[in-house]
Amino acid sequence: MEVFKLEGSYVKALRCRECRKEFPPTKVYACIHCFGPLEVVYDVDSINLSKASFDSRPRTIWRYRELLPINDWKKIVDLKAGYTPLRKCDRLARALGLKTLYIKDDTVNPTGSFKDRPAAVAVSKALEFYVEAVGCASTGNLAAAVAAHAAKVGLPCYVFIPSNTEVNKIAQAATYGANIVAVEGTYDEVNRLALQAAETFNWAFANINIRPYYVEGSKTLAFEICEQLGWKAPDHIIVPTASGALLCAINRGLKQFNELELISDENTRLTAAQPEGCSPIVKAFKSGKDSVEPVEKPQTVARSLAIGDPADGVYALKAVRQSGGVAESASDDEIISAIKLLGKTEGIFAEPAGGVAVAVLKKLAESGKVSADDEVVCCVTGSGFKASEHILEGAPKFEVIEPNLKALERLVVKLRK
Ligand SMILES: *Cc1c(COP(=O)(O)O)cnc(C)c1O
Ligand SMILES: [Zn+2]
């Protein structure tokens with residue numbers, strides 16, 4: 001018989017990722033000694049989980065409750081994020097010269113991107129901290145995800161975004177009732193302003209002052225991949241990368257499942273996929289450096305990945321190298337082509353970030369860095385509906401016909417050619 005631990009968490013402490021000093025798990029995010037970022041440490045030895053533990057659990061991120069930093073389970077904000085399909089993609093695999101390929105399809109999350117995972121944890125945590133409002137600095141998807149979860153519990157929400165964010169993402173966040181703070185500048189400038197706001201107001205900023213908790217939500221993506229593969233880790237995971245938070249979370253998730261013996265011998269190679277116009281982690285990887293040089297003015301169709309100064313860049317770089325993976329970039333044209341290839345082979349409509357992952361996988365398959373026999377999971381993290389203005393330019397051209405059979409027959413003759 002399984003006993004659910006309904007109150008309290010297995011969180012032991014927050015630990016500095018630089019000097020390793022530990023702190024009580026409160027609303028803090030930087031080390032008071034060295035200003036390093038903090039991460040959640042669990043009392044893994046006390047966690048008792050078996051594969052059968054999951055049989056009767058909800059098909060959402062909350063099924064992995066022991067590994068999430070929630071104290072008050074009555075306060076979780078649940079839009080049913082997570083447990084998205086792991087789609088076996090044979091037609092795309094064939095097109096790329098691979099045998100076993102899965103798309104982890106996070107386009108079907110409640111607000112259309114994987115950001116619902118960390119946002120659900122962040123807004124739940126914000127309620128525990130009794131803040132006046134929640135917020136975030138976002139390239140668009142996090143804004144929508146935080147806004148939707150805040151709406152569900154009636155918490156005021158402030159989303160800080162670059163003014164050139166896609167209209168659909170802004171429309172989405174605004175419809176969920178968020179206050180839109182559109183800033184003229186790059187994401188990094190938006191982030192600096194949000195940091196000042198976090199220090200000025202009693203607000204919980206998902207990816208700033210409660211970031212250690214926020215990032216934990218994204219680990220569920222790795223947990224699900226392993227569970228959906230029959231409790232094992234794949235050979236490769238391709239991760240669209242901006243700040244590096246998702247890639248680091250996937251890495252932590254694999255390690256934790258391994259530690260709990262839910263999977264064995266985890267040898268997954270992690271690949272960071274970035275758009276050419278904003279690829280600081282790829283540049284560092286290719287030049288063999290340990291530090292990540294910020295990109296001043298990101299220029300890319302993949303707006304959700306346009307973070308020039310990645311907060312978790314060095315940690316993501318380290319995770320990629322330690323796992324034996326690579327970091328690779330794709331141009332705007334390659335990204336749009338990959339979106340179309342994914343759409344027409346598998347019926348999945350991705351935003352450019354997902355196109356980046358597929359385009360990078362195509363390169364790695366061609367160069368042999370991913371071999372035909374490897375089992376590959378490619379993360380498609382956001383829906384094409386969020387960025388159709390960018391995709392439309394590359395969409396197939398079509399002809400408008402008169403409403404009669406003659407016109408239709410003429411068209412079909414042309415289309416068949
Ligand atoms: C945020 C985001 C990512 C990854 O971002 P990180 O900052 O590296 O965690 C990937 N894809 C989409 C669609 C996103 O919105
Ligand atoms: Zn420190």
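Residues numbered from 1 in each chain as written. Chains lettered and ligands numbered in written order. Predicted model: local features only at pLDDT ≥ 70, side-chain atom pairs only at ≥ 80, totals over all residues. Heavy atoms only, no water.

So, on to the pattern of salt bridges. Per the counting criterion, the structure on display carries 27 salt bridges. Arg15 is the salt-bridge partner of Glu39, the closest N and O atoms lying 3.3 Å from each other. Placement of Glu39 in strand β3 (residues 38–42) and of Arg15 in strand β1 (residues 11–16) is noted, with a sequence separation of 24 residues between them. Look at the salt bridges and you will find they share partners, linking Lys104, Asp106, Arg117 and Glu224 into a network. (Salt bridge = Lys/Arg side-chain N within 4 Å of Asp/Glu carboxyl O. Helix = DSSP H or I, 4+ residues; strand = E, 2+ residues; numbered from the N terminus.)

Here the domain parsing of the chain yields domain 1 (1–46), domain 2 (86–112 + 215–392) and domain 3 (113–214). On a C-alpha basis, the centroid separation for the pair domain 1 and domain 3 is 23 Å. In this complex, domain 1 contributes eight residues to the contact, which on the side of domain 3 involves eleven residues. For domain 1, the biggest contributors to the area lost against domain 3 are Lys27, Tyr29 and Val40; these three give 73% of the whole. Across the contact surface, domain 1 and domain 3 share zero salt bridges. (Domains from an automatic or database assignment. Contact = heavy atoms within 4.5 Å. Buried area = accessible area lost by both parts, 1.4 Å probe.)

It is worth spelling out the packing of aromatic side chains at this point. Tallying each qualifying case throughout the model produces 13 aromatic pairs. Their ring planes at 65° and their centres at 6.1 Å tell us that Tyr64 and Phe257 sit as a pair that is edge-to-face. Residue Tyr64 is located in the loop between β3 and β4 (86–88), and its partner Phe257 is located in helix α8 (residues 245–259); the two are separated by 193 residues in the primary sequence. One aromatic cluster is present, formed by Phe54, Tyr64, Phe223, Trp231 and Phe257 through successive ring pairs. (Phe/Tyr/Trp six-rings, centres within 6.5 Å; stacked < 30°, edge-to-face > 60°.)

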